[in-house]
Amino acid sequence: MITILSGGTGTPKLLQGIKEIVDPKDLTIIVNTLENDYFSGVYVSADIDTVLYTMSDMINDELWYGVKDDTFITHERLEEMGCHELLRIGDIDRATKIQKTLLMEKYTLQESVDIQSKQMGIKSKIIPMSNENSDIKIITDIGELAFHDFLIKHQCEPEVLDVVFSKTAPADGLIESINDSDIVIIGPSNPITSILPILSLDGVRDALKNKYVVAVSPIIGNDSFSGPASKFMKALNIEVSSLGVAEFYKDFLDVIIIDEKDSELESSINKIINKVILTNTIMDSLDAKINLAGKILDINVEE
Ligand code: GDP
């Protein structure tokens, strides 16, 4: 069994590669819920929906948000009616979100995601990290901002001084799924707002210490590949490099995969992590995703 810790962009790219070389039935994906909230009257769990769409081949993998070839009739009509939506939600994507909102009147988030996942024909187990909503604040030079306001309204531009979020309880079966795994993969997701929330759940760090854990660095050189990860790392005094990522995960990490362009970091990372693998970590094609998945799982993917 393989357990993967995921956010909503870097790790889903990797999932596209993993599911080509491993039976999806053998995968459990634990997904960040830090950013979940209500928008336009519906419950939005962006990272979970991205993972659902990725595993059912519906994802818009240019934006890593929403459904490919979706239409925006409802969104455009709302704008015409003077209702500005902070999130631009497509029609099919909105149907998923409405369904989840309705399901959650009766079921937990976890149960609702289970129902949706089965309906989408997904064989992997997708576990939202928590059934409780988090309270997250980005402390910036222009004041305290809600996560989506920082991300969308302010386009990640303010200087970040701190990132604070409330503690939540792990979802049912989350710790057991780690305990039952042969390998845990920490995907190349934002270490602060995607992976740290999962690591902060009671019992996760202890469970990881007893497991074979492989992480893929989301940093190449001194910047994140996309998104605000480097700003958040800086704010928490973590060096923005694969060495910084290694330091951040070192308590439980067995292997780190870093980009081949960062070969000069190998010896310093080796002092804190048993094994460092250098390879291409830029997942700009299905082949690149499969190759990276092969390196993590030690599966020969050459034809
Ligand atoms: P979010 O939930 O949308 O913030 O997405 P994630 O947390 O899953 O992923 C964001 C992180 O993915 C960023 O820090 C990027 O650096 C990383 N990322 C995105 N694409 C790639 C890629 O092709 N290779 C690597 N190594 N990292 C990537």
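Residues numbered from 1 in each chain as written. Predicted model: local features only at pLDDT ≥ 70, side-chain atom pairs only at ≥ 80, totals over all residues. Heavy atoms only, no water.

**Some thoughts on the nonpolar core**
Item 1. In this structure, Tyr249, Ile256 and Ile269 are the most contacted members of the largest nonpolar core, which totals 48 residues.
Item 2. Setting aside chain neighbours within four positions, we find Ile256 in contact with Ala215, Ser242, Val245, Ala246, Ile269, Ile273, Lys275, Val276 and Ile277.
Item 3. Counting residues in each nonpolar core, the second largest holds 30 residues, with Ile2, Ile4, Val51 and Ile122 among its members. (Core = buried A, V, L, I, M, F, W, Y, C linked by side-chain atoms within 4.5 Å. Buried < 20%, exposed > 50% of the residue type's maximum accessible area, 1.4 Å probe, protein only. Contact = heavy atoms within 4.5 Å.)

**Description of the sheet that holds strand 6 (residues 136–140)**
Item 1. Spatially, 7-6-8 is the arrangement adopted by the three strands of the open sheet, whose pairing is antiparallel. Edge positions in the open sheet fall to strand 7 (143–146) and strand 8 (160–165), since each of these has one partner strand only. For this sheet the average axis-to-axis angle between neighbouring strands, irrespective of direction, equals 25°.
Item 2. Inspection of the sheet shows strand 6 paired to strand 7 by four bridges, in the antiparallel sense. The residue bridging Thr140 from the neighbouring strand is Gly143, located in strand 7.
Item 3. Lying on the sheet, helix 8 (residues 191–199) is in contact with strand 6 and strand 8; it crosses strand 8 at an angle near 25°. (Pairing = 2+ DSSP bridges. Helix = DSSP H or I, 4+ residues; strand = E, 2+ residues; numbered from the N terminus. Axes fitted to C-alpha atoms, helices over the stretch in contact; angles between N-to-C directions.)

**Digging into the environment of Lys234**
Item 1. Relative to the assigned elements, Lys234 resides in helix 10 (residues 229–235).
Item 2. Exposure remark for Lys234: the relative accessible area of 58% places this residue in the exposed category.
Item 3. When the C-alpha atoms of Lys234 and Lys211 are compared, they prove to be 29 Å apart, with 23 residues separating the residues in sequence.

**With respect to the pairing of strand 13 (residues 255–259)**
Item 1. Summarising burial for strand 13: five of the five residues are buried, a large majority.
Item 2. Here strand 13 shows two buried faces, one formed by Val255, Ile257 and Asp259 and the other by Ile256 and Ile258.
Item 3. Where strand 10 (residues 213–216) and strand 13 come together, three bridges link them in parallel fashion. Of the residues in strand 13, the one forming a bridge with Val214 is Val255.
Item 4. Looking at chain direction, strand 13 and strand 14 (residues 275–279) are connected through five bridges and run parallel. By the bridge assignment for strand 14, Val255 is matched with Lys275.

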